[in-house]
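# Commentary on secondary and tertiary structure
Here is what each chain is made of, one letter per residue.
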Amino acid sequence: MDIERGAIYCGELEDGAPVTIPYFIMRGTRKKPVLLLNAALHGEELNGIEVIMRLTEKIDPDHLHGTIVGVPVVNTLAFRARSRIDPIDGKDLNRVFPGKKDGTVTERVAYHFFHHLVKKATFGIDLHTGMKGHLLIPHPRVRVRKDFSPSIEYARALGTEIIFYHEGAQGMLTIEAGKMGVPVVCFEIGEAGRLDEYFIDAGIRGITNFMKYFGMLEGKPEIPDKQILLKDYKELVSRAGGLFYPKVSAGDVVKKNHLIGVIKSPITGEKHPLRAPQDCLIIGIRSQPVVRVGTSVAWLMTFEEGNLLPPLKNRKLRKKSSKTVSMTEEKGIKLTE
Ligand SMILES: [Zn+2]
């Protein structure tokens, strides 16, 4: 058998049912490197699950140089509940790494996942999406802390146009694994609660690029010659209640004062326009129209000095142009290295 399947026992529920982490191992022509692919640390984030399943169908172990350890659903309890977290436990799995051996069920899942699978990997890709109603364009998130500033090369190897570099929270998988010497890249693709072909495709492309970049698959990774590093993240919130009508799409580049969307009261018909506070990229947009005052409706990344990364060297790459960079040029927004 080319694929070995197993499950790690983490503990037991009210009725004696076991809590496990189901995984598989795909062995290639050699043992190393070991790539850990996981999805659904948050149980309602589905695109990544599909990405991992499709990759296992697509990749021929005879052409795989290394090992893939796949965990399509890490947080099975939250997955069953169609929820971000397990509603009984109440803990966010992606805030409790490296977990606790004798903790709550979620903390135990973190512990076993971390110690039995993450620690044994050379590197990993942790697939996420925006929350429900919060659609994010495909991009990696490099999370930093005061005592931890990881290399961005792993994130760049996915070949996305945008890389987000931002302060993370304690207990995030990428941070705790990185501190231990296992680089794990958080890859955002789309929106929770949905399977969407565009984002599934982007996920498969990103992981395939990563594997080519690190020699696990033959061929040249396709990476834009100009990748953009963004650090400044802003949420645009509604100033009124009603229905939100977006006037831009995720991925658009807009100038300051551009109309982002309109909130219309279903009671009075009154309209409240929302405009871009600065020149920015729309990294995410609200996909569910009902909002109240203070609801986030758009997620923006603003351009500053030094957003353009120098080209990646030392590897054979298949270069492609960046749509985001062309959009900034068309709008007269200057990006610098
Ligand atoms: Zn998530």
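So, here is what we can say about the structure in this document. (Residues numbered from 1 in each chain as written. Predicted model: local features only at pLDDT ≥ 70, side-chain atom pairs only at ≥ 80, totals over all residues. Heavy atoms only, no water.)

## A word on empty space enclosed by the protein
Operational definition: Using protein atoms alone on a 1 Å grid, points that fit a 1.4 Å probe yet trap it form a cavity, whereas open point sets bounded by protein on both sides within 12 Å along at least five of seven lines form a pocket; residues with an atom within 4 Å of a point count as lining. Grid points are joined across faces, edges and corners, and a volume is the space filled by probe spheres set on the points. Three classes are used, and their members are as follows: Ala, Val, Leu, Ile, Met, Phe, Trp, Tyr, Cys and Pro are nonpolar, Asp, Glu, Lys and Arg are charged, and the others, Gly among them, are polar.
Counted under the stated rule, the structure contains one cavity of 30 Å³ or more. Here the largest cavity defines a volume of roughly 30 Å³. Along its surface, the largest cavity is lined by Val-19, Val-74, Asn-75, Thr-76, Leu-77, Thr-106 and Val-109. Considered class by class, the residues forming the lining of the largest cavity number four nonpolar, three polar and no charged.

## Topic: the coordination of the zinc ion
The cut-off we apply is this: Each metal's donors are the N, O and S atoms within 2.8 Å of it, or within 3.2 Å when it is Na, K or Ca, and because water is not part of the set, sites may look incomplete. Labels for metal geometry use angle windows, namely 85 to 135 degrees for all angles of a four-donor tetrahedral site, and for square planar (four donors) or octahedral (six donors) sites opposite donors over 155 degrees apart plus all others within 65 to 115; sites meeting none of these are irregular. Residue burial is assigned from relative accessible area. The probe radius is 1.4 Å, only protein chains are included, and a residue is buried under 20% of its type maximum, exposed over 50%, and partly exposed in between.
All of the protein donors around the zinc ion are His-42 (ND1), Glu-45 (OE), Glu-45 (OE) and His-128 (ND1); their distances to the metal are 2.0 to 2.4 Å. Taken together, the four donor atoms coordinating the zinc ion span angles of 57 to 148° at the metal, a pattern that classifies the geometry as irregular. All donors to the zinc ion come from one chain, and their sequence spacing reads H-x2-E-x82-H. For His-42, a relative accessible area of 3% gives the class buried.

## As for the sheet that holds strand E15 (residues 271-275)
Neighbouring strands of a sheet are bound in pairs by backbone hydrogen bonds; such pairs are parallel or else antiparallel. The cut-off we apply is this: Two strands qualify as a pair provided that DSSP identifies no fewer than 2 bridges between them. Secondary structure elements follow DSSP: runs of H or I of four or more residues count as helices, runs of E of two or more count as strands, with numbering from the N terminus.
Ordered by their spatial adjacency, four strands build an open sheet running E15-E14-E12-E17, and the pairing between neighbours is antiparallel. If you trace the sheet from one side to the other, it starts and ends with E15 and strand E17 (290-291), each paired once. As paired strands, strand E12 (residues 242-246) and E17 are joined by two bridges and run antiparallel to one another. Counterpart to Gly-242 in the pairing with E17 is Val-291.

## Considerations on the packing of aromatic side chains
Each pair of aromatic rings is reported with the distance of its centres and the angle of its planes. Worth spelling out the cut-off: In summary, the pairing rule links any two rings of Phe, Tyr or Trp, Trp by its six-membered ring, whose centres are within 6.5 Å, and it sorts them by plane angle into stacked for under 30 degrees, edge-to-face for over 60 and tilted for everything else. Only when the NZ atom of a Lys or the CZ atom of an Arg is both within 6 Å of the ring centre and within 35 degrees of the ring normal do we say a charge sits over the ring.
Under the counting rule described, the total for this entry stands at 10 aromatic pairs. When the ring of Tyr-213 is compared with that of Phe-214, the centres are 4.9 Å apart and the planes differ by 70°; the resulting orientation is edge-to-face. On the basis of relative accessibility, which here comes to 18%, the residue Phe-214 falls in the buried class. Its guanidinium or amino end placed over the ring of Tyr-245, Lys-264 lies 5.2 Å from that ring's centre, counting from NZ or CZ.

## Some details on the layout of surface pockets
In this model, the largest pocket occupies a volume close to 520 Å³. Lining the largest pocket are 23 residues; nearest its centre among them are Pro-138, Glu-161, Tyr-198, Arg-205 and Lys-323. Those elements giving two or more residues to the lining of the largest pocket turn out to be strand E6 (134-144), helix H6 (197-213) and helix H7 (323-330). In terms of residues, the lining of the largest pocket owes the most to one element, H6, which gives six residues. Here the lining of the largest pocket is built from residues that sort into 12 nonpolar, seven polar and four charged.

## Considering the pattern of salt bridges
Put simply, the test is: The salt bridge criterion pairs a side-chain nitrogen of Lys or Arg with a carboxyl oxygen of Asp or Glu, the two atoms within 4 Å.
The full count for this structure, using the stated rule, is 14 salt bridges. As a salt-bridge pair, Lys-100 and Glu-107 come within 3.7 Å of each other at their nearest N and O atoms. A residue is classified by how much of its surface remains accessible, and Glu-107, at 8% relative accessible area, is buried. With its nearest N and O atoms 3.5 Å apart, the salt bridge here joins Arg-194 to Glu-191. Here the residues in one salt-bridge network are Glu-45, Arg-84 and Asp-92, joined through shared partners.

## Regarding helix H1 (residues 47-58)
One turn of the α-helix equals 3.6 residues, which is why residues spaced by three or four share an orientation. Worth spelling out the cut-off: Each residue after the first adds 1.5 Å to the expected span of a helix.
An ideal rise of 1.5 Å per residue puts 16 Å on 12 residues; H1 measures up with 16 Å between its terminal C-alpha atoms. When H1 is considered as a whole, its buried residues turn out to be Asn-47, Gly-48, Ile-49, Glu-50, Val-51, Ile-52, Leu-55 and Thr-56.

## Observations concerning the pairing of strand E2 (residues 18-27)
Where strand E1 (residues 3-12) meets E2, nine bridges bridge the pair, whose relative direction is antiparallel. Bridging across to E2, Ile-3 finds its partner in Met-26. Count of turn residues in the E1/E2 antiparallel hairpin: five residues, of which Gly-16 carries a positive phi of about 85°. Two elements, E2 and strand E4 (residues 67-71), share four bridges in a ladder whose sense is antiparallel. Across the sheet, the residue bridging to Ile-25 is Val-69, located in E4.

## Some remarks on the packing of H1 against H6
Test applied: For helices, the fitted axis covers only the stretch in contact; all axes are lines through C-alpha atoms, and the angles between them, taken along N-to-C directions, range from 0 to 180 degrees. Working rule for angles: under 35 degrees goes down as roughly parallel, over 145 as roughly antiparallel, 65 to 115 as roughly perpendicular, anything else as oblique. If you view the pair so one helix is near and one far, a crossing is left-handed when the near helix is turned anticlockwise from the far one by less than a right angle, and right-handed when it is turned clockwise. Contacts: residue pairs with any heavy atoms within 4.5 Å of one another.
Contact geometry for H1 and H6: axes closest at 9 Å, N-to-C directions at 55°. What the angle tells us is that H1 and H6 run oblique. In this structure, the crossing between H1 and H6 has a hand that is right-handed. Of the residues in H6, those touching H1 at Asn-47, Glu-50, Val-51, Arg-54, Leu-55 and Lys-58 are Glu-197, Phe-199, Ile-200, Gly-203, Ile-204, Ile-207 and Thr-208. A class-by-class count of the residues in the contact of H1 with H6 yields six nonpolar, three polar and four charged.

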